[in-house]
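Chain by chain, the residues run as shown.
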Amino acid sequence: MNIIERRNKNILFFSNSLNSFEINDKTKRIIKELSKNKSENKILQDNEVTKGEILEINNLITEQNSIELPVEDRKEGHSNYLKRLSINISNSCNMKCKYCYAQFGYYGSEKSLMNIDIIKETLDNFYSSFDEIAIIQVFGGEPFLHYEGFKYICEYIESKYEKGEIKYKTLITTVTNGTVLSAKIIELIKKHNIIITISLDGPKEIHDCNRSFLNDTGTFERIIKNIKKLKVETGQPQQIEATYNQEHVKHNISIIKLIEYIKTQFEDVSIHIAPVSGNKNECFTLENRDSFVDSVDDIFNYNKKKKNKANYLILDSMLQLFQNPEKKTNFCDAGISLFSVSYTGYVYPCYMFIDEPGFALCNVQDSNFSRSFLLNKAKKYQEHNRQEGKSSCKSCPIVNVCDGCLGMNYFNTGHIYTPVTEDCSMKRKMVKSIIFNINEYA
C-alpha cells in the first residue's frame, strides 16, 4: 500500500491488487497513522474522525490486501511451448554503433555467418523438442547479411507447416539496422510475412553521431530511404526501435519529441525507446533517466490532445497490466521461455549472452539434445528468476508491473540478478506517474 501525493491530490495505490483510489487529506492522515500501528482511541483523540470512518478505511485496506491476482496465463507454462527462439545467423555487421553491447555485431569472437547445416540442426532439434515455437527471431549482427541463411529458415518453417509437421505456424521476426535491402530481400519479407523492427535513433544529427558505417559515414539517409521503400512494398517495418542516449539530451530531444519525429516520418509504426546502456564514462551514457519519467505525462497529454495513441511500447506494456491485472511469475523470460543460438550452435538463455563466458547451456549438435536436457541446463534461470523470490524485488511496490532484463543487469552491474539501480528508480517513478494519470483521466 502506497500513497502517491502530487498536484494537491492523494492517490492510494495497492500493489497487491493494482487498484488505486483518490483520497482526501483526512483519509491520508488516518491511513498513515494506522500504518504506524496507532490505536483507534489515539486516532479518534487526535483527529476529527468517527469510528465508522476508521472502520470503512480499515475495511478497504483489508479488502484490497486480500485480493489475489490471477497468475498470468502463459502458454510457456505448458510443457512443450517455447515463446521465442533467437537464431544468430550473422556474427557480422556493416555498422559500428558506439553503444553496441555486441561489440559491433560479432560479440567479441569471429566475424562469420552461420553454416546452413547448423541452422538445420538448430531447427530440427528445437522443433523436435517443442510442440510449438511461437516466434523465431532471426538475429545478428546484421541478419540480412546472411540472405541464404534467412531464406533457409523461412522455407524450412513453411515446408514443415504445409506438411502438417507443426500445428502452429511460427511467426518470423527480425531486428535489422535497415541499411541492407535488395529486391530479393523485399520478396522474402513479402512472401513469408516477416515482422520487421528497424533501429533509428531520430533526426540525422543524432542518429549519425552514434550509428555509422564501418568507414564512419552516416547511415541515416540510407535507412530513411529503405524504410520508405519497405513501407510501400511490404507494409513493414512494424516497429521502430530507438536507443535514447545523451546525444538526444544535448539536442533537447525529449522522449515525446522523438516519438513525434518518428510519427511524422512513419505514421503507422509502434515505437520502442530504450535507455542506452554502457559505462558511465562513455560520452553517450545518460546522466539520468528523467526523460523517461517525464514521458509519462507527455504521452498521456499527447494521447488526449491528438485522440490518437503514441504507440510507445514501454508505457503501453505497463498500462496493459493495469487494464488486465495479473501476477507476474518471472521478471525475465531468459532461460525459461526464451533461448538463443549463436552462429556456432551454442545455446544461450538470451541473445544478450551470446559468446559471454560461462553462459552457454549446450550445443545444438549435442547428441543428447532434448527439451529436458536443455531445461535442466537452464535450471538456475528458472529457479532464481521468480518475481516473488528476489529480496530486492518482493517488497517493491511495482513488483507486479515490472519487467526486467538479465542481460542489462549483467552488462551494467556484472551480475544477472543485481538490478540496475537507475532502471529500478526510473520504473518506480514511471509507475507512480501512470497511476496518477489513470486517476486524472478516469
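In this convention, every chain numbers its residues from 1, walking through the sequence in written order. This being a predicted model, a pLDDT of at least 70 is required before a residue's local features are given, and a value of 80 or more before pairs of side-chain atoms are given or counted; all residues contribute to the totals for chains, interfaces and linings. Side-chain metrics in this entry use all non-hydrogen atoms of the structure; hydrogen atoms and water are not considered.

Labelled according to an unreviewed UniProt entry, the chain appears under the name Radical SAM protein, originating from Vagococcus hydrophili.

All right, on to the environment of Pro 325 then. The way it works is that DSSP assigns letters per residue, a run of H or I at least four long becomes a helix, a run of E at least two long becomes a strand, and they are numbered from the N terminus. Structurally, Pro 325 is set in the loop between α12 (313–323) and β10 (338–341). Distance in space between the C-alpha atoms of Pro 325 and Asn 16 is 9.9 Å, their sequence separation being 309 residues. Between two residues, a contact is recorded if the distance between any of their heavy atoms is within 4.5 Å. Leaving out residues up to four positions away in the same chain, Pro 325 has contacts with Ser 17, Leu 18, Leu 69 and Pro 70.

Here we come to the pairing of strand β3 (residues 19–23). Strands qualify as paired when DSSP identifies two bridges or more between them. Pairing geometry for strand β2 (residues 9–14) and β3, over five bridges, is antiparallel. Across the sheet, residue Ile 11 finds its bridge partner in β3, namely Glu 22.

Taking strand neighbours across the sheet as the criterion, the three strands line up as β1-β2-β3 in an open arrangement whose pairing is antiparallel. Edge positions in the sheet fall to β1 (2–6) and β3, since each has one partner strand and no second. Taking each pair of neighbouring strands and ignoring which way they run, the sheet shows an average axis angle of 25°. Sheet topology note: the β1/β2 ladder contains five bridges and is antiparallel. By the bridge assignment, Ile 3 is partnered in β2 with Leu 12. Note on method: axes are straight lines fitted to C-alpha atoms, helices fitted across the in-contact stretch only, with angles between N-to-C directions ranging 0 to 180 degrees.

Here we take up the side chain of Lys 427. Mapped onto the fold, Lys 427 is located in helix α17 (residues 421–440). Residue Lys 427 is classed as buried on the basis of its relative accessible area of 12%. Look past the residues within four positions of Lys 427 in its chain and what remains in contact with it is Met 318, Ile 398, Cys 402, Asp 403 and Gly 404. Using a 1.4 Å probe on the protein chains alone, a residue whose accessible area is under 20% of its type maximum counts as buried, one over 50% counts as exposed, and one in between counts as partly exposed.

Here we come to the packing of aromatic side chains. Stacked, edge-to-face and tilted are the three classes for Phe, Tyr and Trp ring pairs, Trp counted by its six-membered ring, which pair at centre distances within 6.5 Å; planes under 30 degrees apart are stacked, over 60 edge-to-face, the rest tilted. One pass over the structure, following the stated rule, counts 14 aromatic pairs. A ring pair is formed by Tyr 99 and Phe 284, whose centres lie 6.0 Å apart and whose planes are at 80°; its orientation type is edge-to-face. Of this pair, Tyr 99 sits in the loop between β4 (81–90) and α4 (116–129) while Phe 284 sits in the loop between β9 (270–275) and α11 (290–306), and the two are 185 residues apart along the sequence. Taken as a pair, Tyr 99 and Phe 284 share a single burial class, namely buried. An angle of 5° between the planes, with centres 4.8 Å apart, marks the rings of Phe 144 and Phe 150 as stacked.

Whenever Lys or Arg places a side-chain nitrogen within 4 Å of a carboxyl oxygen from Asp or Glu, that contact is recorded as a salt bridge. For the structure shown, the criterion picks out 20 salt bridges. Notably, a salt bridge pairs Glu 5 with Lys 32, separated by 3.1 Å at the nearest N-O pair. Here Glu 5, found in strand β1, pairs with Lys 32, found in helix α1 (residues 25–35); they are 27 residues apart in sequence, far enough to count as distant. Here Asp 423 makes a salt bridge to Arg 289, at a shortest N to O gap of 3.1 Å.

With that out of the way, let us pick up unusual backbone geometry. In this structure, Pro 237 follows Gln 236 across a cis peptide bond, with omega equal to 5°. The phi dihedral of Asn 37 is positive, around 65°, even though this residue is not glycine. With respect to the helices, strands and loops of the structure, Asn 37 is situated in the loop between α1 and α2 (40–46). By relative accessible area, Asn 37 is classed as exposed at 69%. With phi around 75°, Asp 216 is a residue other than glycine that occupies positive phi space.

Here the focus is the domain arrangement of the chain. Accessible area lost when the parts come together is the quantity often used to give the size of an interface. For the chain, the domain assignment lists domain 1 (2–68) and domain 2 (81–323). Segment limits for the domains were obtained from an automatic or database-derived domain assignment. In this structure, domain 1 and domain 2 have C-alpha centres spaced 45 Å apart.

The subject of this paragraph is the packing of helix α5 (residues 147–162) against helix α6 (residues 183–192). Interhelical geometry of α5 versus α6 gives an angle of 20° and a closest axis separation of 11 Å. Taken together, the axes of α5 and α6 are roughly parallel relative to one another. Of the two elements, α5 crosses α6, and the hand of that crossing is left-handed. Of the residues in α6, those in contact with Tyr 147, Phe 150, Lys 151, Cys 154, Glu 155 and Glu 158 of α5 are Lys 184, Ile 185, Leu 188 and His 192. Relative orientations are named as follows: roughly parallel for angles under 35 degrees, roughly antiparallel for angles over 145 degrees, roughly perpendicular for angles from 65 to 115 degrees, and oblique for any other angle. Each helix crossing is assigned a hand: it is left-handed if the near helix lies turned anticlockwise from the far helix by less than a right angle, otherwise right-handed if that turn is clockwise.

Okay, the nonpolar core next. One finds Phe 126, Ile 136, Ile 273, Tyr 312, Phe 339 and Val 347 to be the most contacted residues of the largest nonpolar core, which totals 119 residues. Two domains each put at least three residues into this core: domain 1 (2–68) and domain 2 (81–323). Counting residues in each nonpolar core, the second largest holds eleven residues, with Leu 12, Ile 31, Leu 34 and Ile 43 among its members. In these notes, a set of buried Ala, Val, Leu, Ile, Met, Phe, Trp, Tyr and Cys residues joined through side-chain atoms within 4.5 Å is what counts as a nonpolar core.

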